[in-house]
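# A look at the structure
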Amino acid sequence: QVQVVESGGGLVQPGGSLRLSCAASGSTSSIYGMGWYRQVPGKEHVLVGEISSGGSTNYADSVKGRFNISRDNAKNKVFLQMMSLKPEDTAVYYCYADIIATGDGLARYWGQGTQVTVSS
């Protein structure tokens, strides 16, 4: 019954910005860590950034200083603000939420993915 839905992807030119949003809904009793991975077809998915329930963050070296992750606990949302985008940022971005659902144990739930393309 838990759903994680993300949005905000699109086509931007190098140096541009995008803001991705992700919301968890359904039988969510407790939400712990939330974050973002990205994947290029044929490549392994890699962590972009993550944020704890208390607001502590961690970023991949490739995006430090350019990306910012935040969350709204009241709305069960996590955001990824991407700035100074580069062509190598092109990927499908997936959000996740670590959740203890009602009547269940801790599990990681994933969004459906949203395409980000950085090209001139």
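The present account deals with the structure reproduced in this document. (Residues numbered from 1 in each chain as written. Predicted model: local features only at pLDDT ≥ 70, side-chain atom pairs only at ≥ 80, totals over all residues. Heavy atoms only, no water.)

This part takes up unusual backbone geometry. Unusually for a residue other than glycine, Asn 76 sits at a positive phi of about 55°. When you line up the elements, Asn 76 lands in the loop between β7 (67-72) and β8 (77-82). For Asn 76, a relative accessible area of 23% gives the class partly exposed. For Ser 84, which is not glycine, the phi dihedral falls at a positive 50°. By the secondary structure assignment, Ser 84 is in the loop between β8 and β9 (91-101). Ser 84 gets classed as partly exposed once you look at its relative accessible area, which sits at 41%. (Helix = DSSP H or I, 4+ residues; strand = E, 2+ residues; numbered from the N terminus. Buried < 20%, exposed > 50% of the residue type's maximum accessible area, 1.4 Å probe, protein only.)

Let us now look at the nonpolar core. Of all hydrophobic cores here, the largest spans 30 residues; its most connected members are Trp 36, Phe 67, Leu 80, Met 82 and Tyr 93. Put simply, the parts of the chain that give this core at least two residues each are β3 (18-25), β4 (28-39), β5 (46-51), β7, β8, β9 and β11 (114-118). If you tally residues by element for this core, the top one is β9, at 6 residues. (Core = buried A, V, L, I, M, F, W, Y, C linked by side-chain atoms within 4.5 Å.)

Before going further, it helps to examine the state of the cysteines. Taken as a whole and assessed by the stated rule, the structure comprises 1 disulfide. What pairs with Cys 22 in a disulfide is Cys 95, and their sulfur atoms sit 2.0 Å apart. Looking down the S-S bond of the Cys 22 and Cys 95 bridge, the torsion is 60°, so its handedness is right-handed. Placement of Cys 22 in strand β3 and of Cys 95 in strand β9 is noted, with a sequence separation of 73 residues between them. Classification of Cys 22 by relative accessible area gives buried; the value is 1%. (Disulfide = S-S within 2.5 Å.)

By the secondary structure assignment, Gly 113 is in the loop between β10 (106-110) and β11. When sequence neighbours within four positions are dropped, the list of residues in contact with Gly 113 reads Glu 6, Val 92, Tyr 93 and Tyr 94. (Contact = heavy atoms within 4.5 Å.)

This part takes up the environment of Lys 77. With respect to the element layout, Lys 77 can be found in strand β8. Distance in space between the C-alpha atoms of Lys 77 and Val 40 is 24 Å, their sequence separation being 37 residues. Here Lys 77 is in contact with Cys 22, Ala 23, Met 34, Ser 70, Arg 71 and Asp 72, once residues within four sequence places are set aside.

Keep in mind that these numbers describe shape and distance, not what the molecule does.
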